[in-house]
Amino acid sequence: MNMDVFNSMVNAMDAKPEGYEILIVEDNVEQASLTKLLLEEYGFSAHFVTDSSEAMQTIHSDKPRVVILDLMMPEIDGLRICKQIKTSSVTSHTKIIIYSGKMYDSDRRKALELGADAFFLKPARANLLITKIKELLHHPIQNGTYKN
Amino acid sequence: MAPIKIKFWGVRGSIPTPGPRTIRYGGNTSCVEINFPDLPRFIIDAGSGIRELGKELLTIKDPVKAYIFLSHFHWDHIQGLPFFKAAFKPGNHFVIYGCDEPDVDLTKIISMQMNPIYFPVAVEDMGAKLEFCTINQGSYDVEGVNVQTHFMNHPGYTLGFRFNYMGKSIVYMSDNEPYLQNQQSDNDPESLEAMFEKFVDDKEGRLVDFISGADLLIHDTQYFPEEYEQRITWGHSPYTYTVDLAVKAQVKHLVLFHHDPDHDDDTVDEMARLSRERLTSYNYHIPCHPAREGEVITL
Ligand SMILES: [Zn+2]
């Protein structure tokens, strides 16, 4: 990895853009930074948390429109967060992308059952992830029946 | 200090396989007991092997307390529970640990398999006191034993366990498979897109840390590499991966576990031979053998 990129990854950890659209919940700080940088390159504003126990509080206070969730995390795992988001009337309109190293169909099915809007296996093709985010962001918020 | 004793009550993966072809290693599904000196028993998984353990516990006059750690709830890890007679004896007390689902709690997961459609006795009518404790990836204290858990690469939430006690450590990882490694990108290698697409979260490194230096590693070795090629995403390991993990983590004793139901005793022996050969090829010399029903290891 070249130093410029590494330094901007480190900087990416601190900055929390006002009114950002996308929250990344990911316990691996490098993965989280890299995803944030990628999203920023495509013009989105994003923020991440690496401690999953902070995720719900952050979602409630910052109201991101899209949440990108890792599945296997200590403290609270991604599926539990997904369920909490989708079952609370305050946050249920939030779009959820599961971004996980888990490669099993049953995990994908379970995530979609719990209300996730999309599931990407790590590492995803950057353009496919970006296309999905655009689609989710452009979708009218009030339509709760959106399916992939 | 008296030694820690580990006893194998069930070593088979997926489904019980009784019969002459599996007579030496045994056909019961996953169940391992750890006896720490002067502590209640620790039981890992409740496959069909737990039935015989339950019979042994019934011979004890005094009330029995034990901790049962369930790695996950696939049938081969819970199917013995309804036949665990010790849980029907009033006065006995079992604390059951497992990682539940966001929409189904642990009590329900266990009681569902004893729904009248599947079994005539309900969990509430088992007689013994049953306590359910949800755990996640983390570190827990149980009777002074430090129990660490780590998510496995297996469908659903599956836990591996590390038990640390008086300077000794035992790791149990019954259902686990290698992480995908092929990271490719069509983008300019210097681009952010390429970095994103080639990024490897070092999950295996964290797994190695979890196992590191264990006095005993009990790990899934369901397949030969040729079989594994056909069964990627089935959630189990070829012995080659298991041996490599053991070497990377510098464990002191490796037990091959969760034998494939289609592997007879001679096939299991062959896998053990190849595993030892692989260890030797790394110039790493530790005891390595298949788990055998009824076997006791002392640490
Ligand atoms: Zn199994």
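Quick look at the structure, then. Small disclaimer: the values here were computed from a predicted structure and weren't measured.

1. Some remarks on the sheet that holds strand β1 (residues 22-25) of chain A
Within a sheet, each strand pairs with its neighbour through backbone hydrogen bonds, oriented either parallel or antiparallel.
Residue and element names in this part refer to chain A.
Argument step 1. The parallel open sheet is built from 5 strands, whose spatial order is β2-β1-β3-β4-β5. Taken across any chain shown, the strands that pair with only one partner, and hence form the sheet edges, are β2 (46-49) and β5 (118-121). Adjacent strand axes in the sheet meet at a mean angle of 20° when their direction is disregarded.
Argument step 2. Two elements, β1 and β2, share 4 bridges in a ladder whose sense is parallel. For V25, the partnering residue across the bridge sits in β2 and is V49.
Argument step 3. Of the strands in this sheet, β1, β2, β3 (66-69) and β4 (95-100) touch helix α2 (residues 29-41), which is tilted by about 170° from β2.
Argument step 4. On the sheet, helix α3 (residues 55-62) packs against β1, β2 and β3 and is oriented at approximately 175° with respect to β1.

2. Quick word on the coordination of the zinc ion
Geometry reference: four tetrahedral donors at a metal, ideal angle 109.5 degrees. Six octahedral donors, ideal angles 90 or 180 degrees.
Argument step 1. Around the zinc ion, the protein contributes the donor atoms D76 of chain B (OD), H77 of chain B (NE2), D175 of chain B (OD) and H258 of chain B (NE2), which lie 2.1 to 2.2 Å from the metal centre.
Argument step 2. For the zinc ion, the 4 donor atoms in the first shell make angles of 90 to 165° at the metal, a pattern classed as irregular.

3. Some points on the interface of chain A and chain B
Argument step 1. Counting residues at the interface gives 42 residues for chain A and 35 residues for chain B.
Argument step 2. Of the roughly 3,200 Å² buried where chain A meets chain B, counting both sides, 57% is carbon and sulfur surface.
Argument step 3. Remark: the boundary between chain A and chain B carries 6 salt bridges.
Argument step 4. Taking the shortest distance from any N to any O, the salt bridge between R125 of chain A and D186 of chain B comes out at 4.0 Å.

4. As for the sheet that holds strand β8 (residues 145-151) of chain B
Residues and elements named next belong to chain B.
Argument step 1. One open sheet holds the 7 strands; their spatial order is β7-β8-β9-β10-β11-β12-β13, and the pairing between them is mixed. Edge positions in the sheet fall to β7 (139-142) and β13 (288-290), since each of these pairs with one other strand and no more. If you compare each strand with its neighbour and ignore which way they point, the axes differ by 20° on average.
Argument step 2. Taken together, the 6 bridges between β8 and strand β9 (residues 159-165) define a ladder with antiparallel strand orientation. In the strand pairing of β9, Q148 is matched with R162.
Argument step 3. The strands that helix α5 (residues 203-211) touches are β8, β9, β10 (168-173) and β11 (216-220); relative to β8, the one it contacts most, it runs at about 165°.
Argument step 4. Contacts from helix α8 (residues 265-281) reach β12 (254-257) and β13 within the one sheet, and its direction differs from that of β13 by about 165°.

5. Examining the pattern of salt bridges
Argument step 1. Taken as a whole and judged by the stated rule, the model has 29 salt bridges over all chains.
Argument step 2. Between K110 of chain A and E101 of chain B there is a salt bridge whose closest N-O contact spans 3.1 Å. On the criterion of chain membership, the pair formed by K110 of chain A in helix α5 (residues 105-113) and E101 of chain B in the loop between β5 (93-98) and α3 (106-112) is interchain, its members lying in two chains.
Argument step 3. The class of K110 of chain A is buried, set by a relative accessible area of 15%.
Argument step 4. Taking relative accessible area as the criterion, E101 of chain B reaches 18% and is therefore assigned buried.
Argument step 5. Linking K248 of chain B and E204 of chain B is a salt bridge whose minimum nitrogen-to-oxygen distance equals 2.5 Å. Separated by 44 residues along the polypeptide, K248 of chain B in helix α7 (residues 239-248) and E204 of chain B in helix α5 bring together distant segments of the chain.
Argument step 6. Residues participating in the shared-partner salt-bridge network are D27 of chain A together with D201, K203 and R206 of chain B.

6. Comments concerning the layout of surface pockets
Argument step 1. What the largest pocket holds in volume is close to 760 Å³.
Argument step 2. What lines the largest pocket is a set of 29 residues, and nearest its centre among them are F73, H74, W75, I78 and I109 of chain B.
Argument step 3. Elements that contribute at least two residues to the lining of the largest pocket include exactly α5 of chain A together with α2 (75-78) and α3 of chain B.
Argument step 4. Here the residues of the lining of the largest pocket sort into 16 nonpolar, 6 polar and 7 charged.

7. Details of α8 of chain B
Residues and elements named next belong to chain B.
Argument step 1. Taking 1.5 Å per residue as the helical rise, α8 with its 17 residues ought to reach 24 Å, and the 24 Å between its terminal C-alpha atoms agrees with that figure.
Argument step 2. Of the residues making up α8, those classed as buried are D265, V268, M271, A272, L274, S275 and L279.
Argument step 3. On its buried face, α8 is in contact with α7, β12 and β13.
Argument step 4. Of the residues one or two after α8, N283 is the one with positive phi, at around 60°.

8. Section: the environment of V104 of chain B
Argument step 1. Relative to the helices and strands, V104 of chain B is located in the loop between β5 and α3.
Argument step 2. Ignoring any residue separated from it by four or fewer positions in sequence, one finds V104 of chain B in contact with I109 and M112 of chain B.

9. Some words on the state of the cysteines
Argument step 1. One pass over the structure, following the stated rule, counts 0 disulfides over all chains.
Argument step 2. Its sulfur unpaired, C82 of chain A is 15 Å from the next cysteine sulfur, which belongs to C99 of chain B.
Argument step 3. As a non-bridged cysteine, C99 of chain B has C133 of chain B as the owner of its nearest cysteine sulfur, 13 Å distant.

10. Considerations on the pairing of β5 of chain B
Residues and elements named next belong to chain B.
Argument step 1. With 6 of its 6 residues buried, β5 lies for the most part within the structure.
Argument step 2. Neither face of β5 is open: one carries H93, V95 and Y97, the other F94, I96 and G98, and all of them are buried.
Argument step 3. In terms of strand pairing, strand β4 (residues 65-69) meets β5 through 5 bridges, oriented parallel. From the neighbouring strand, F69 faces β5, where its bridge partner is Y97.
Argument step 4. When β5 meets strand β6 (residues 129-134), the two strands line up parallel, connected through 6 bridges. The partner of Y97 across the bridge, within β6, is C133.
Argument step 5. In terms of handedness, the path from β5 via α3 over to β6 forms a crossover that is right-handed.

11. Here we look at empty space enclosed by the protein
Argument step 1. Summed over the entire model, instances satisfying the criterion amount to 2 cavities of 30 Å³ or more.
Argument step 2. Within this model, the largest cavity holds a volume of roughly 60 Å³.
Argument step 3. Around the largest cavity sit I68, L81, F84, A87, F94, I96, I110, M114, V123, M126 and L130 of chain B, which together line it.
Argument step 4. Partitioned by chemical class, the residues of the lining of the largest cavity number 11 nonpolar, no polar and no charged.
Argument step 5. Here the second largest cavity is characterised by a volume of approximately 30 Å³.
Argument step 6. Residue assignment for the lining of the second largest cavity shows that the elements contributing at least two residues are β1 and β3 of chain A.

Analysis parameters
- Residues numbered from 1 in each chain as written.
- Chains lettered and ligands numbered in written order.
- Predicted model: local features only at pLDDT ≥ 70, side-chain atom pairs only at ≥ 80, totals over all residues.
- Heavy atoms only, no water.
- Pairing = 2+ DSSP bridges.
- Helix = DSSP H or I, 4+ residues; strand = E, 2+ residues; numbered from the N terminus.
- Axes fitted to C-alpha atoms, helices over the stretch in contact; angles between N-to-C directions.
- Contact = heavy atoms within 4.5 Å.
- Donors = N, O, S within 2.8 Å, 3.2 Å for Na, K, Ca; no water.
- Tetrahedral: all angles 85-135°; square planar, octahedral: opposite > 155°, others 65-115°.
- Buried area = accessible area lost by both parts, 1.4 Å probe.
- Salt bridge = Lys/Arg side-chain N within 4 Å of Asp/Glu carboxyl O.
- Buried < 20%, exposed > 50% of the residue type's maximum accessible area, 1.4 Å probe, protein only.
- 1 Å grid on protein atoms, 1.4 Å probe; cavity = no way out; pocket = protein on both sides within 12 Å on 5 of 7 lines; lining within 4 Å.
- Points joined across faces, edges and corners; volume = space filled by probe spheres on them.
- Nonpolar A, V, L, I, M, F, W, Y, C, P; charged D, E, K, R; others polar.
- Expected span 1.5 Å × (residues − 1).
- Disulfide = S-S within 2.5 Å.
- Right-handed = clockwise from strand over helix to strand, strands pointing away.

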